[in-house]
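The chain contents come next:
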Amino acid sequence: MCTSGGSDEICGVGLELETTGTYDNVVVAGCLGGSSSHTCGVILRGDVLLSVDGISFFGQPLGQVRAAIRGPRGSTVRVTLQRVFALKRQQQAAGDGVYEVVLTRQ
């Protein structure tokens, strides 16, 4: 999950992402085993990524989202997601199913 660029090592959190839907939502396709996204135990396939460190990436290219998640080994990143079942239930109020996780890049 890390790449070396000179003296800096850039790492991710093990999130496998893809775009889907009319508005090209970025969704979780899976979490790599042993990664911080996997071991946190709350992220599920199909969860919609709303923001990274408070910045919305709605409608942005997937590569831009991935670049925002990656960073120096051992640093943290805050991701805000929304559970799919909450999006599908019409009676859900705005913001329902939204959760935030702080993940360590490794």
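Scroll up for the structure.
Predicted, not measured: the structure shown is a model, and the values here were computed from it.

Draft legend 1. Structural detail: the overall build of the chain. Counting secondary structure elements, the chain contains three helices and nine strands. Starting at the N terminus and walking to the C terminus, you meet the elements of the chain as β-β-β-β-α-β-β-α-β-β-α-β. Within the span of the chain, comprising 106 residues, buried residues form 35% of the whole. Put simply, of all contacts in the chain between residues at least 6 apart along the chain, 56% involve residues at least 24 apart. Of the roughly 6000 Å² of accessible surface on the chain, 51% is carried by carbon and sulfur atoms.

Draft legend 2. Seen up close, the nonpolar core. Ranked by size, the top nonpolar core spans 19 residues in total, and within it Leu 15, Leu 17, Ile 43, Ile 69 and Leu 81 carry the most contacts. Where this core is concerned, the elements lending two or more residues are β3 (15–20), β4 (25–31), β5 (48–52), α2 (62–69), β8 (76–82) and β9 (98–104).

Draft legend 3. Highlighting the pattern of salt bridges. In the structure shown here, the tally under the stated rule is three salt bridges. Note that Arg 73 is salt-bridged to Glu 9, the shortest N-O span being 2.8 Å. In this pair, Arg 73 is assigned in the loop between β7 (71–72) and β8 and Glu 9 in strand β2 (residues 8–11), connecting sequence segments 64 residues apart. Of the charged contacts, one joins Arg 83 and Asp 47 as a salt bridge, the two residues approaching to 2.7 Å between their closest N and O atoms. One end of the pair, Arg 83, is in the loop between β8 and α3 (84–88); the other, Asp 47, is in the loop between α1 (36–39) and β5, with 36 residues separating them in the sequence. When its relative accessible area of 1% is taken as the criterion, Asp 47 is described as buried.

Draft legend 4. How the structure looks around the environment of Asp 53. Relative to the helices and strands, Asp 53 resides in the loop between β5 and β6 (55–56). The exposure class of Asp 53 is partly exposed, given its relative accessible area of 37%. Along the chain, Asp 53 and Glu 100 lie 47 residues apart, while their C-alpha atoms are 9.9 Å from each other. Look past the residues within four positions of Asp 53 in its chain and what remains in contact with it is Val 77, Arg 78 and Arg 105.

Draft legend 5. Quick peek at α2. Considered for burial, the residues of α2 that qualify are Leu 62, Val 65 and Ile 69. One side of α2 carries all its buried residues, which in axial view fall inside an arc of 65 degrees. Check the buried side of α2 and you find it contacts β2, β3, β4, β5, β7 and β8.

Draft legend 6. View of the state of the cysteines. Counted under the stated rule, the structure contains zero disulfides. Considering cysteine sulfurs only, Cys 31 is the nearest to Cys 40, which forms no disulfide, with 6.6 Å between them.

Draft legend 7. Spotlight on the side chain of Ser 35. In this structure, Ser 35 sits in the loop between β4 and α1. The class for Ser 35 is buried, based on a relative accessible area of 0%. Within polar-contact distance, the side chain of Ser 35 engages the backbone oxygen of Leu 32 at 2.6 Å.

Criteria and cut-off values
- Residues numbered from 1 in each chain as written.
- Predicted model: local features only at pLDDT ≥ 70, side-chain atom pairs only at ≥ 80, totals over all residues.
- Heavy atoms only, no water.
- Helix = DSSP H or I, 4+ residues; strand = E, 2+ residues; numbered from the N terminus.
- Buried < 20%, exposed > 50% of the residue type's maximum accessible area, 1.4 Å probe, protein only.
- Contact = heavy atoms within 4.5 Å.
- Areas by Shrake-Rupley, 256 points an atom, 1.4 Å probe, with all protein chains shown as cover.
- Core = buried A, V, L, I, M, F, W, Y, C linked by side-chain atoms within 4.5 Å.
- Salt bridge = Lys/Arg side-chain N within 4 Å of Asp/Glu carboxyl O.
- Arc of directions from axis to C-beta.
- Disulfide = S-S within 2.5 Å.
- Polar contact = N/O pair within 3.5 Å; in protein donor to acceptor, adjacent residues only side chain to side chain.

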